[in-house]
Amino acid sequence: MRILLTGAAGFLGSHLADRFLADGHEVIGMDNLITGNLDNISHLENEPRFDFVEHDVTQFIDITGNLDGVLHFASPASPVDYLELPIQTLKVGSLGTHNALGLSLAKGAMFLLASTSEVYGDPLVHPQPESYWGNVNPIGPRGVYDEAKRFAEAITTAYRRYHGVDTRIVRIFNTYGSRMRPGDGRVVSNFIVQALLGRGLTVYGDGSQSRSFCYVSDEVEGIFRLFFSSEHDPVNIGNPDEYTVGQLAERVQALVDPGVGVRYLPLPTDDPKVRKPDITRAREILGWEPSVSLEEGLVTTVAYFRSLQEQGELRPPPVLTEASEEQAR
Ligand code: UDP
């Protein structure tokens, strides 16, 4: 197959490019590099089945030749990014998704949307099945991402119903692993980078809020299977092993430096109190479930950030504080 992958220089996008290339497909990777990084795809420089195009998908997407599939992964994906790039986040989820769908329609290509557990907002149902409609604040700081992805799901479904585009929707839950930006701002990279630098781990709130962390190889395998399935309705792909943020901090301390302390900061606005995927549908439809435990995944991820540290590339990561939220308002 010849596929277009938007967000190809990002964390998940670059791993997906590897997965499709390993399976013999041809990949056109597209990214505007506002949060993506060419280092993530530098190993593909001499790969004849990979092409990179620097382009902002909120502008018309022009691809010559046939296309069999479009995977739309372009978007800022960290709460720190939504504060800095609120308009771009809204545009890539809305206009970018519209352009990517229009291209799929014109080329007769399958379309897969990278959606998110954020469509569930601060959930009132736990764990979250795909049938849950969510609890989202449209005008809060996270609303720019949540609502853009909810719109993206709606327009993807409309293109299937109205235009007959062959679509898939994956709802991705917190994923971590190599190629995350050290300055991403999300919890796994923040804690590891802070521990490696010997700084206190910044726990927001009292650390009792929960997340369920999926290692990147598991996430990519689930997405890959969904793409080749015939399932049109959204499918949760995530690891249902749930941890509090405080427990994650303890694991990172134990792994990197038991002497490093914890710094408590205020809980950001609208931060979901719990999150855990119900993966019944992924198990039944795709025969998929995660296989990498948090312990194993953290070891590999710490090794990745250590290698960046050896190259002198680790700086204290950004943290969400009341001041940074206020400044963004
Ligand atoms: N978090 C934290 N310290 C950090 C970064 C995040 O305690 O330095 C918390 C955050 O408040 C949230 C959880 O970790 O409850 C996951 O945050 P992340 O930004 O990774 O992703 P989210 O799931 O909120 O989109």
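Our subject is the structure listed above.
Residues numbered from 1 in each chain as written. Predicted model: local features only at pLDDT ≥ 70, side-chain atom pairs only at ≥ 80, totals over all residues. Heavy atoms only, no water.

The subject of this paragraph is the overall build of the protein. Per the secondary structure count, the protein includes 10 helices and 13 strands. Rg of the C-alpha trace for the protein: 19 Å, near the compact-globule value of 20 Å for 329 residues, within the 12% margin. Oriented by its inertia axes, the alpha-carbon framework of the protein measures out at about 55 × 45 × 40 Å. Looking at the protein as a whole, 56% of its 329 residues are labelled buried. Restricting to contacts in the protein with at least 6 residues of sequence separation, those with at least 24 account for 82%. (Helix = DSSP H or I, 4+ residues; strand = E, 2+ residues; numbered from the N terminus. Rg over C-alpha atoms; globule rule 2.2 N^0.38 Å. Buried < 20%, exposed > 50% of the residue type's maximum accessible area, 1.4 Å probe, protein only. Contact = heavy atoms within 4.5 Å.)

Considering the arrangement of structural elements, one finds D31 in strand β2 (residues 26-31). A distance of 2.8 Å separates a polar side-chain atom of D31 from the backbone nitrogen of L33. (Polar contact = N/O pair within 3.5 Å; in protein donor to acceptor, adjacent residues only side chain to side chain.)

On to the pairing of strand β1 (residues 2-6), then. The buried fraction of β1 amounts to five of the five residues, a majority that puts the element mostly inside the structure. Here β1 shows no split at all, with R2, L4 and T6 on one side and I3 and L5 on the other all buried. One ladder, built from five bridges, connects β1 with β2; its direction is parallel. Opposite T6, over in β2, you have M30 as the bridge partner. One ladder, built from four bridges, connects β1 with strand β4 (residues 69-72); its direction is parallel. (Pairing = 2+ DSSP bridges.)

What follows deals with the packing of aromatic side chains. On inspection of all chains with the given rule, the structure shows 10 aromatic pairs. A centroid spacing of 6.1 Å and a plane angle of 40 degrees characterise the contact between Y120 and F173, whose relative ring orientation is tilted. Placement of the pair is Y120 in the loop between β5 (110-116) and α4 (143-163) and F173 in the loop between β6 (167-172) and β7 (175-176), with a sequence separation of 53 residues. Look at Y304 and F305: their rings are 5.2 Å apart centre to centre, the planes differ by 70 degrees, and that puts the pair in the edge-to-face class. Like Y304, the residue F305 is buried in the burial classification. (Phe/Tyr/Trp six-rings, centres within 6.5 Å; stacked < 30°, edge-to-face > 60°.)

For the structure on display, the rule yields 21 salt bridges. A salt bridge links D233 to R160; the nearest nitrogen and oxygen atoms lie 4.0 Å apart. Taken as a pair, D233 in the loop between α6 (216-227) and β11 (235-237) and R160 in helix α4 lie far apart in primary sequence, 73 residues in all. Classification of D233 by relative accessible area gives partly exposed; the value is 39%. The partner of D184 in a salt bridge is R186, and the shortest N-O contact between them spans 2.7 Å. Assessed through its relative accessible area of 24%, R186 is described here as partly exposed. In this structure, a network of salt bridges that share partners links the residues E118, R142, R211, D271 and R275. (Salt bridge = Lys/Arg side-chain N within 4 Å of Asp/Glu carboxyl O.)

For the rest of this paragraph, the subject is helix α3 (residues 86-107). For α3, which comprises 22 residues, the first-to-last C-alpha distance of 31 Å matches the rise-based estimate of 32 Å (1.5 Å per residue) to within 8%. The axis of α3 is deflected most strongly, by about 35 degrees, at V92. Looking only at α3, the buried set comprises T89, V92, G93, S94, G96, T97, N99, A100, L101, L103 and S104. If you follow the buried residues of α3, they end up packed against β1, β4, α2 (79-84), β5, α4 and β6. One or two residues past the end of α3 sits G108, with phi positive at roughly 65 degrees. (Expected span 1.5 Å × (residues − 1). Bend = angle between axes of the 7 residues up to and from the residue.)

Our focus in this paragraph is the site of the ligand. Neighbouring the ligand are 18 residues, the closest being V187, T202, R211, D271 and R275. The separation between an oxygen atom of the ligand and a polar side-chain atom of R211 is 2.6 Å. Within the contact set of the ligand, an oxygen atom lies 2.7 Å away from a side-chain nitrogen or oxygen of R275. Put simply, the parts of the chain that give the shell around the ligand at least two residues each are α5 (187-196) and β8 (201-204). Its residues placed into classes, the shell around the ligand shows seven nonpolar, five polar and six charged. (Near = heavy atom within 4 Å. Nonpolar A, V, L, I, M, F, W, Y, C, P; charged D, E, K, R; others polar.)

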